[in-house]
Amino acid sequence: MKKIFCFFMIVFVLLSSPFCIKKGYIFAETTEIETELNENINEQINNLDTSELDKILQEIVNDNALIEGSSFSEKIKDIISGKLTIDASSFLSYVATLFVDDIVAFLPYVCLIIAISVLYSMVSTASSNKKKSLQDIIHFVCYGAIVIIVVVWASKLLTLVSSSLQSIKTQMDLLFPILLTILTALGGSVSASVYQPAMAMLSGTAISIFTSILMPIFTFMLVFIIISNLTTNIKFNKFADFFGSAFKWIMGIVLTLFSAFVSIQGLMAGSIDTISLRTAKYTIKSAVPIIGGFLSDGVSLIMVSSVLIKNAVGVGGLLILFCTMLMPVLKIIVFSFLMKLASAILEPIADSRVTGFVSAIAKSIQMLVALILGVVFMYFLIIALVMCSTNIF
């Protein structure tokens, strides 16, 4: 019995030893691959020139509490490693702080508009039996004061939107060369040849249309809104509606054409690049004897690290974009909301021309939000397509 027991123990040890050796080998090999992958990622990130993006990121960090201060390359490493997280409570707290600050900034001027309107209504009622010319003078004075307050803040919002669009354009000019370089290195030359003119069209033509055509159209619309509510004899409401309609049509056409061009061409180019990359991997593996599989796996490891970096750069760009557009969009929304509130308060007590002016401003100022979000949408679309290209591993 002892001999039989020893025999079975020897057989068990001999059978289990290869498994243990194989398991240890696989574990060691996996650890080695992870180490090599991390080294490739760090080496490629360190070779990227992100100095200008570091400056933009630092400016955002100084004005924004959502992200901590560090270089853009460190943000890329944090995204790849999964260390970059945004706490939902911190985000909501930051948005609430911005919202309250904007309300505090706008509320005194809204109260001043309401006070001027109430004063005008009281004076107009007291002088109802006097000459109409006196009432017109009172209306011009009060209406002019309200117009000055609104125009000052509208001009500040226009300046803020213009600077935000220029900042987004600068980010695109800095980020897309990095993305296209990585995409070309991955073998996505066809996709890069599509995205390069699309990026040029977005940062050049589209931004120029938004800043040089749509913003002046918005300004003309405000002018006609002011004139239309100046007296009951002069009406330019149709002109204001015309410019508002032109604004919407031009923006819709630009967004549609850009989205159609980038989406169709990008998806087709991505398919071609995917087939080319798969063919190249198969050729290396089958054409080179003995070591073809090892070469193919080595190429795959390098390309996997490049894919991770490409997608991390895209996510980092979207993060900077979100932080750039959050403040102006929220400020415009608060201004529009308070103007609507003032219009609702003034409707039963103030002159209809003043109420109509405040209401029209509250409605038209929302177009500035559409202006920013339109550029952000095009930016997001092309980054998303670049991130989806050549992801075959």
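Keep in mind that what you see is a predicted model, and the values were worked out from it rather than measured.

Caption draft 1: Broad picture of the side chain of Ser-343. Within the element layout of this structure, Ser-343 appears in helix H8 (residues 292–346). With sequence-adjacent residues up to four places away left out, Ser-343 is seen in contact with Thr-355, Val-358 and Ser-359.

Caption draft 2: Fine view of empty space enclosed by the protein. Under the definition given, this model contains two cavities of 30 Å³ or more. As a volume, the largest cavity reaches approximately 40 Å³. Considering the residues around the largest cavity, the lining is formed by Phe-106, Tyr-109, Val-110, Ile-113, Ile-149, Val-150, Trp-153, Phe-335 and Met-339. Looking at the lining of the largest cavity, the elements that each hand over two or more residues are helix H4 (88–126), helix H5 (132–185) and H8. Of the residues forming the lining of the largest cavity, the biggest block, four residues, is contributed by H4. Grouping the constituent residues of the lining of the largest cavity by class yields nine nonpolar, no polar and no charged. Of the voids in this model, the second largest cavity is the one considered here, and its volume is about 30 Å³. Taken together, Leu-53, Phe-72, Gln-171, Leu-175, Gly-317, Ile-320 and Tyr-379 make up the full set of residues lining the second largest cavity. When contributions to the lining of the second largest cavity are tallied by element, the ones reaching two or more residues are H5 and H8. Each residue belonging to the lining of the second largest cavity can be placed in one class, and the counts come to five nonpolar, two polar and no charged.

Caption draft 3: Quick peek at the packing of aromatic side chains. Tallied over the entire structure, the rule returns nine aromatic pairs. Between the aromatic rings of Phe-220 and Phe-243, the centroid separation amounts to 5.7 Å while the plane-to-plane angle is 35°, which identifies the pairing as tilted. One end of the pair, Phe-220, is in helix H6 (residues 189–228); the other, Phe-243, is in helix H7 (residues 237–287), with 23 residues separating them in the sequence. With a centroid separation of 5.4 Å and 65° between ring planes, the pair formed by Phe-242 and Phe-243 is classed as edge-to-face.

Caption draft 4: Focus on helix H9 (residues 352–364). Taking 1.5 Å as the rise per residue, H9 with 13 residues should run 18 Å; its terminal C-alpha atoms sit 18 Å apart, in good agreement. When we look at burial in H9, the residues that qualify are Arg-353, Val-354, Thr-355, Phe-357, Val-358, Ile-361, Ala-362 and Ser-364.

Caption draft 5: Quick look at the environment of Ser-117. Position of Ser-117 relative to the elements: it lies in helix H4. Sequence separation of Ser-117 and Val-354 is 237 residues, and the distance between their C-alpha atoms is 7.4 Å. Leave out the neighbours within four places in its chain, and Ser-117 touches Ile-146, Leu-346, Ala-350 and Val-354. Engagement of the side chain of Ser-117 in a polar contact is seen with the backbone oxygen of Ile-113, the distance being 2.9 Å.

Caption draft 6: Focus on the pattern of salt bridges. Applying the stated rule across the entire model yields two salt bridges. Note that Lys-331 and Asp-102 form a salt bridge whose closest N and O atoms lie 2.9 Å from each other. Taken together, the positions of Lys-331 in helix H8 and Asp-102 in helix H4 put the pair 229 residues apart, joining distant regions of the chain. With respect to class, Lys-331 is no different from Asp-102; both count as buried.

Caption draft 7: Looking closely at the packing of H9 against helix H10 (residues 366–388). Two numbers describe how H9 lies on H10: the axes approach to 4 Å, and their chain directions differ by 10°. The angle between H9 and H10 falls in the class roughly parallel. Two secondary-structure elements touch here, H9 through Ala-362, Lys-363 and Ser-364 and H10 through Gln-366, Met-367 and Leu-368. The residue inventory of the contact of H9 with H10, partitioned by class, reads three nonpolar, two polar and one charged.

What counts, and where the lines are drawn
Residues numbered from 1 in each chain as written. Predicted model: local features only at pLDDT ≥ 70, side-chain atom pairs only at ≥ 80, totals over all residues. Heavy atoms only, no water. Helix = DSSP H or I, 4+ residues; strand = E, 2+ residues; numbered from the N terminus. Contact = heavy atoms within 4.5 Å. 1 Å grid on protein atoms, 1.4 Å probe; cavity = no way out; pocket = protein on both sides within 12 Å on 5 of 7 lines; lining within 4 Å. Points joined across faces, edges and corners; volume = space filled by probe spheres on them. Nonpolar A, V, L, I, M, F, W, Y, C, P; charged D, E, K, R; others polar. Phe/Tyr/Trp six-rings, centres within 6.5 Å; stacked < 30°, edge-to-face > 60°. Expected span 1.5 Å × (residues − 1). Buried < 20%, exposed > 50% of the residue type's maximum accessible area, 1.4 Å probe, protein only. Polar contact = N/O pair within 3.5 Å; in protein donor to acceptor, adjacent residues only side chain to side chain. Salt bridge = Lys/Arg side-chain N within 4 Å of Asp/Glu carboxyl O. Axes fitted to C-alpha atoms, helices over the stretch in contact; angles between N-to-C directions. Parallel < 35°, antiparallel > 145°, perpendicular 65-115°, else oblique.

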